Amino acid sequence: MDRQQEFVLRTIEERDIRFVRLWFTDVLGQLKSVAIAPAELEGAFAEGIGFDGSAIEGFARVYEADMLVKPDPGTFQVLPWRGENPGTARMFGDIVLPDGSPSFADSRYVLKRALAKAADLGFTFYTHPEVEFFLFEQPMRPGESPTPVDQAGYFDHVPHGMGHDFRRAAIAMLESMGISVEFSHHEMAPGQNEIDLRYADGLSTADNIMTFRTVIKEVALEQGVFASFMPKPFSDHPGSGMHTHLSLFEGDRNAFHEAGAPYQLSQVGRQFIAGLLHHGAEISAITNQWVNSYKRLWGGGEAPAHVCWGHNNRSAMVRVPMYKPNKGQSTRVEVRSLDSACNPYLAFAVMLAAGLKGIEEGYELPDEAEDDVWTLTDAERLAMGIEPLPSTLINAVTLMERSDLVAETLGEHVFDFFLRNKRAEWADYKGQVTPFELERYLPRL
Amino acid sequence: MGFAEPDRADTLLDDPALAGLTDPLDDVFGDGLPDALSQVADPDLALLGLVRLMESLGKTDIDGEDHAGQLIAALRHAGRARDRLLAVLGASSALGDHLVTHPGHWRCVTEATRQSAEQRRDDVVSAVTASLTSAGTRPAYDALRVAYRSNLLGIAALDLTAQTAVDELPLTAAALADLAAAALEAALVIARDEVGQGADDCRFAVIGMGKCGGLELNYVSDVDVIFVAEPTSGDVADEAAAITVGAQLATALMRACSAATAEGTLWPVDAALRPEGKNGPLVRTVASHLQYYQRWAKTWEFQALLKARTVAGDVGLGRAYLDAISPLVWQAASRDHFVEDVQAMRRRVEENVPAGESARQLKLGPGGLRDVEFSVQLLQLVHGRSDLTLRSGTTLEALAALSNGGYVAREDAAVLDDSYRLLRTLEHRIQLFRLRRTHLMPSAEPDLRRLGRAIGHHRDPARAVVAQWQQQAREVRRIHERLFYRPLLISAAKLSSAEARLTPEAARERLAALGFRDPAGAMRHLEALTDGLSRRAAIQRTLLPVMLGWFADEADPDAGLLAFRRISDSLGTSHWYLKMLRDEGSAAERLAHVLARSRYAADLLIRAPESVAMIGDAGGLTPRSREALLATMTAAIRRKNTADDAMTAVRVVRRQELFRIAVADLTGQLDRAGIAAALTDLTAATLQSALDIATRRVEAEAGGPLGTRLLVVGMGSLGGGEIGYGSDADVMFVHRADDGVDETDAQKQATLVVQEVRRLLGVAGPDPQLVIDPDLRPEGKTGPMVRSLAGYAAYYERWSLTWEAQALLRAAPVAGDADLGRAFCDLINPIRWPQGGVSAHAVREIRTLKARMESERLPRGADPKTHFKLGLGGLSDVEWTVQLVQLRHGYEIEGLRTTGTIAALAAAGEAGLIPPADVETMAQAWAFASTLRNASVLWRGRPVDALPSDMKDADGIGRIVGRGAGQGAELAEVYRRLARRARTAVNSSFYESP
């Protein structure tokens, strides 16, 4: 038993914790939780808690053995929303096999493998997500168009605004769970909010995003509203993206920074972007994994639907933010295609892998896009070599299917499950007769 | 007298610088200077050094004293002073040079005493401090170097004149570590001075690691350290500042030690053992260290921490660091993956021999110093958790403690202790000569001569020292046996009661750490194998310590040990078996590896223990040719009277040959193609023998010749020469009546023979059955078992279905009448390679059939991604793709007219019918699936159709196909990747091509 595990056990005793939730994530990014009594925790640290993985998305057995979830004591947190006494706490868990080796079905392990590969090349991967989401009035009925809690816009200050209280409560709760918040404000669409998490290493950020989504939903329930990370709930308002800033560090030096280079962007940084662009289409199915995701991507406005990069170009898939003098450490690239409903472990893993591939293969960075890509004509885009991202989930899946990069990053098991699941989702969607059709065709035809 | 160049010595002895030493003449012999010189390692060197020293003394004025006079007085008479000075001059040209530059230091040699760590520290630090404060003539760096060397002179003097060098070794090594600590402390003084005021805000400690931490330093070696810093105020807010200052201090300290000045350099300070190694921050706080070790550290890092000790700087901080970290060290054995890590580390040590130098290495390689240290540390980690007496940072102390606790046999510990001391002493003497960091035995005669004399060989020193070294190295080479396994045997065999024994608890810990899953069971087997006074028990007691190591190298040590016990139980009394194990070096090793690696081979051996003889036979593992096998089988058949006896004899030959092939496979002497060829030959020979026996019996019963000739045609993988351990033999039977024999009679006789062949092969026996599958014959299961050649001709003319043409692609005669075989091939060639290729209709039919098979043939519940034969990208996928090409283009492309999959695939690639990249991809996937299928049979002992679903199986199979231990889980990844790519190729080449 190491010190951290002892600390957890001691805290549990001192704080009178009656339940410990072990959190893990299925392949589609859904948080899963198993609650155990504190008395079982010692065993869980040593051997893990067995469960039948076959009922969980993507966990169908790779090996014919029970799966175990093994808590990571470094992620221990008392859950603030369950009341103080008796309390509940949570830890993230790794999925392992009975012999202690990690399960290839575990998203967290997918990311860990990608991070290990970066580490082999001497890099640490940092991410900084800006998570957007909507708040709706209760009751919320699936299938009906939801009512946003307000009608405000970008950066609006809403007096006595619901969102205002909400953000304050949410941020307090996030901070109490050890997740630092950098920024929060009202977003463009009615009822839409954005909260930016402070940058941290890839694995911590992914864990934090999982916690974040839960916290936001919990706080919303406490305040009598409903929170959703659905990429595009309204046809005529912008959707919820998760713009994510990425950077690589070599030791304590930012590997993207090179003083005096254009945009202070080093060779490594340029190759990383080139990798993101080169593989941008084939990783779309992971970064934008739902049928609905493509309605956000192709909904215009600030959503990037084309594979290109630019400096402060908000229509580009990859943006190099404004350089602040003497802040070499903050040089980074922002991927804008990602949405808030992705599986952050898998999404980070494929983005990292694409970027690293660019570095390893020494890809050339194409010219930057200076114009708003949406305003260009098809011919102009063709001339500039700007390719579109997939326009639907099935296009994305078809592209991903041919990608060795994605297969190798996810591992064959997750890769295979993901493709099957997404094909099934597309088949379900394709079979629907939509309100659009009923509205347009029923009267006329 | 020991001089290599007597003439030159004479001249030197007459040198005026030595005036006063060499006369009066009567002193020269007897107890005089030359006599004293003859005792030292290199008299020529000593004499030359002495002359230079005296000259230098004459030229230099030191504090106005008459150094030369005093030295002459000291040297005139026999005694400690003279012995020491000459010993140092005769052993080290580097220290001689130092004395010439600093002649006043001769007293450091002649008046050397043992010093405590504190004395050394005060001495070096005060020398450096003086140079800083008084802004003296020499910069601080030089002062540090001079003070260090003058101390080194004293250590060398005591070392070289000790009664027995090996006894002195621990004292010398400890003194060197103390001196290094003193130098670090002094370097820190310099560093604080350089950094200036800010330095006061930072508490700073240097933790010695490696040999410095273990109080067992070499004369010249990197000094391994870790730096710790904390703010003086204890205020967390100042932490960042303290770390910055700490990093400056550490950098300055390292520079003070390693920089080269006019006075040379000390040694590089190596901080690479710190958390995150070279990429990590140079300095951390205690809390930051702790956090790293709790979360990230690997097993080897804990092993390194065994030796941690505060060597310089803030003692309180050092203690805080050690208090925080050491508990973790002793819990390392309970961490995840400890066992795997230990095994991996063990392998790494064994593999870590630089090829060119291995013969001269004192440090690396099997039986080198590193190996001893490493093995001792591992045992400390395994047993030190519960036994506090084992927690020493010093190798020799730890070894003694292990021996006292019964973890290592007393005599083994003594041998290792001796060897370690000798190797270290050699290393010291070699390094001392030029103060160079080297771990190589010299090869030049003068160097060896000096080395030999330095450790007391005065007659033929060069050869004697090499002999002594090699003898010790041989002892150490068996270190794993001595340290890890022998104590288990002593414990199991309950032999000498006088000796401290491994407790059952400790034995279980040890076995578990070595990878035995059922330590209690293993202990029982060991007891059974070594119990009693029989010759067998005695031999096994000596053998098993080594064999345990070999078992432990494999995926299933428990099974290996059990199988060995069973074989030993059934063969144990036979003379040749014990002799083979004992005398034939590699036989026992090969046996242990094979048994713990493959259940298939172990089962074969348990059923037929006598096959083990093959393992001892040097050429015994080359598969025998089809002709040779057939000759043996035929001879065996002739000796037997009944058909059943004859078949049993044939099956014995087959069983032995199977074992031979399996062992050759497991030991890497056969590649996939070689195995397939050997197994195909064996199957063909067995079929031929069965056919011969059956024919003989039917003829005997009919009382006359058969009247027809028979042919066995191999189909599928048998026809393709690609058979595996678990393959059925797909066959068709053909006959042709002799001239003048009635067709109906001939058919009847042929049917009788075929029935007898099937009966003979189907008899249950102790060997894996050769299952024959005749379902590919015309009309399948409903058709007659055997047809005449004319019958085949008529059938194919009338019916000839597409799937039959496809099956015939792999038809090849394997047994029976050769002429008939040729005739049969002439018959089928136009069917399988039809002129102009098969029709578009047939192509569509084949594709549809394949698509239907993919969904229907797969067993219920099987995963199409992992099924070797029928899965996506599996064997069938590739074979059907190749066969479609053969059916369409076989008539025009010579290379396609073969029954081998890979050969035809390659031909299709060359002819441009399949893109080269796809050929490559499919060939890889096909070969890997075949290899895995074979490996699975070897591992599990029975046919396996899909990727293993059990981790242990995956590991075992992974090792058989040459992947490292513990990489089994990745096997599935690799297979699925290859299969996925192959499937893409199949999609385009089989389904989509025009």
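Residues numbered from 1 in each chain as written. Chains lettered and ligands numbered in written order. Predicted model: local features only at pLDDT ≥ 70, side-chain atom pairs only at ≥ 80, totals over all residues.

**Q** What exactly am I supposed to notice about the overall build of chain A here?
**A** Within chain A, the secondary structure is distributed over 14 helices and 18 strands. A total of 445 residues make up chain A; the buried ones form 48% of that total. Taking the contacts inside chain A whose residues are at least 6 apart along the sequence as the reference set, 71% of them involve residues at least 24 apart. (Helix = DSSP H or I, 4+ residues; strand = E, 2+ residues; numbered from the N terminus. Buried ≥ 20, exposed ≤ 12 C-beta atoms within 10 Å, placed from the backbone. Contact = placed C-beta atoms within 7 Å.)

**Q** Which parts of the structure should I look at to understand the overall build of chain B?
**A** Broken down by element type, chain B carries 44 helices and 10 strands. Residue burial in chain B is summarised as follows: out of 994 residues, 50% are buried. Put simply, 72% of the contacts in chain B that link residues at least 6 apart link residues at least 24 apart.

**Q** What is the right way to look at the packing of helix α25 (residues 535-553) of chain B against helix α27 (residues 575-583) of chain B in this model?
**A** Helix-helix packing is characterised by the crossing angle of the two axes and by the distance between the axes. Residues and elements named next belong to chain B. In the contact formed by α25 and α27, the axes pass within 10 Å of each other and the chain directions differ by 20°. Taken together, the axes of α25 and α27 are roughly parallel relative to one another. You can see that α25 and α27 cross each other, and the crossing is left-handed. In this structure, α25 contributes Arg 535, Arg 536, Ile 539 and Leu 543 to the contact, and α27 contributes Leu 578, Leu 581 and Arg 582. (Axes fitted to C-alpha atoms, helices over the stretch in contact; angles between N-to-C directions. Parallel < 35°, antiparallel > 145°, perpendicular 65-115°, else oblique. Left-handed = near helix turned anticlockwise from the far one by under 90°.)

**Q** Whenever I open this one, the interface of chain B and chain A confuses me. Can you help?
**A** Interfaces are frequently sized by the accessible area removed from exposure as the parts join. Each partner contributes to the interface: chain B provides 17 residues, whereas chain A provides 19 residues. When contributions to the side of chain B that touches chain A are tallied by element, the ones reaching two or more residues are α13 (286-295), α15 (315-331) and α44 (968-992) of chain B. Among the elements that make up the side of chain B that touches chain A, the one with the highest residue count is α44(B) (six residues).

**Q** How should unusual backbone geometry be read in this particular structure?
**A** One can expect most non-glycine residues to show negative phi and most peptide bonds to be in trans. A cis amide bond links A:Gln138 to the next residue, A:Pro139, at an omega of -10°. Within the secondary structure layout, A:Pro139 lies in the loop between β7 (124-137) and α4 (162-176).

**Q** So what exactly am I meant to see when it comes to the packing of helix α42 (residues 916-940) of chain B against helix α43 (residues 951-960) of chain B here?
**A** All names here are of chain B. Contact pair α42 / α43: the axes reach a minimum separation of 9 Å and the direction vectors enclose 120°. The two elements α42 and α43 meet at a crossing, and its hand is right-handed. Between α42 and α43, the contacting residues are Leu 932, Ala 935, Ser 936, Leu 938, Trp 939 and Arg 940 on the first element and Asp 953, Gly 956, Ile 957 and Ile 960 on the second. Considering only residue class, the contact of α42 with α43 consists of six nonpolar, two polar and two charged. (Nonpolar A, V, L, I, M, F, W, Y, C, P; charged D, E, K, R; others polar.)

**Q** What is the right way to read the pairing of strand β2 (residues 31-36) of chain A from this model?
**A** Within a regular beta strand, the side chains point alternately toward one face of the sheet and then the other, so they alternate between its two faces. All names here are of chain A. The sheet contact formed by strand β1 (residues 17-25) and β2 spans six bridges and is antiparallel. Bridged to Phe 24 within β2 is Lys 32. As consecutive antiparallel partners, β1 and β2 are separated by five residues, and within that stretch Gly 29 has a phi angle of approximately 90°, a positive value. (Pairing = 2+ DSSP bridges.)

**Q** What's the story with the pairing of β1(A) in this structure? I'm lost.
**A** Residue and element names in this part refer to chain A. Here β1 lies mainly inside the structure; seven of its nine residues are buried. Direction of pairing for β1 relative to strand β6 (residues 87-96): parallel, over a ladder of six bridges. The residue of β6 that forms the bridge with Phe 19 is Thr 88.

**Q** Hey, could you run me through the nonpolar core in this one?
**A** A general feature of soluble globular proteins is that nonpolar side chains tend to end up buried together. Counting residues in each nonpolar core, the largest one holds 298 residues, and the members touching the most others are B:Val88, B:Val128, B:Leu144, B:Ala183, B:Ala187, B:Leu253 and B:Ala601. Looking at this core, the element that brings in the most residues is helix α10 (residues 165-195) of chain B, giving 18 residues. Discounting chain neighbours no more than four positions away, the residues touching B:Leu253 are B:Leu184, B:Ala187, B:Leu188, B:Ala191 and B:Val269. The next biggest cluster of nonpolar side chains, apart from the first, holds 118 residues, and it includes A:Phe76, A:Val110, A:Met242 and A:Phe418. (Core = buried A, V, L, I, M, F, W, Y, C linked by C-beta atoms within 7 Å.)

**Q** When you look at the environment of B:Val919 in this model, what are you seeing that I'm missing?
**A** Residue and element names in this part refer to chain B. Within the secondary structure layout, Val 919 lies in helix α42. Between the C-alpha atom of Val 919 and that of Ala 908, which follows or precedes it by 11 residues, the distance is 8.1 Å. If near-sequence neighbours (up to four positions away) are discounted, Val 919 is found in contact with Leu 905, Ala 906, Ala 908, Gly 909 and Ile 914.

**Q** Looking at this model, I keep getting lost on the environment of B:Tyr991. Mind explaining?
**A** All names here are of chain B. Tracing the backbone through its elements, the reader meets Tyr 991 in helix α44. We classify Tyr 991 as exposed; it has 12 C-beta atoms within 10 Å. Sequence-wise, Tyr 991 and Lys 850 are 141 residues apart; in three dimensions their C-alpha atoms are separated by 9.5 Å.

**Q** Would you explain helix α41 (residues 901-910) of chain B in this entry?
**A** Residue pairs three or four apart in sequence face the same way in an α-helix, which turns once every 3.6 residues. The buried count for α41(B) comes to eight of 10 residues, which makes it a mostly enclosed element. Among the residues trailing α41(B), B:Gly912 stands out with phi positive, at a value near 75°.

**Q** For this particular structure, what's the right way to read the environment of B:Val843?
**A** Residues and elements named next belong to chain B. Locating Val 843 in the fold gives a position in helix α39 (residues 840-856). Each C-alpha atom of the pair Val 843 and Arg 888 lies 8.3 Å from the other, and the pair is 45 residues apart in sequence. Not counting chain neighbours up to four residues away, the residues in contact with Val 843 comprise Val 838, Leu 884 and Arg 888.

**Q** Looking at this structure, how should I read the confidence of the model for chain B?
**A** Residue and element names in this part refer to chain B. On average, residues of chain B score 84 in pLDDT, and 93% of them are at 70 or above. Every residue in residues 25-30 scores below 50 in pLDDT, and together they form five contacts with partners more than four places removed in sequence or on other chains. Taken together, the chains of this predicted complex give a pTM of 0.67 and an interface ipTM of 0.72. (pLDDT = per-residue confidence, 0-100.)

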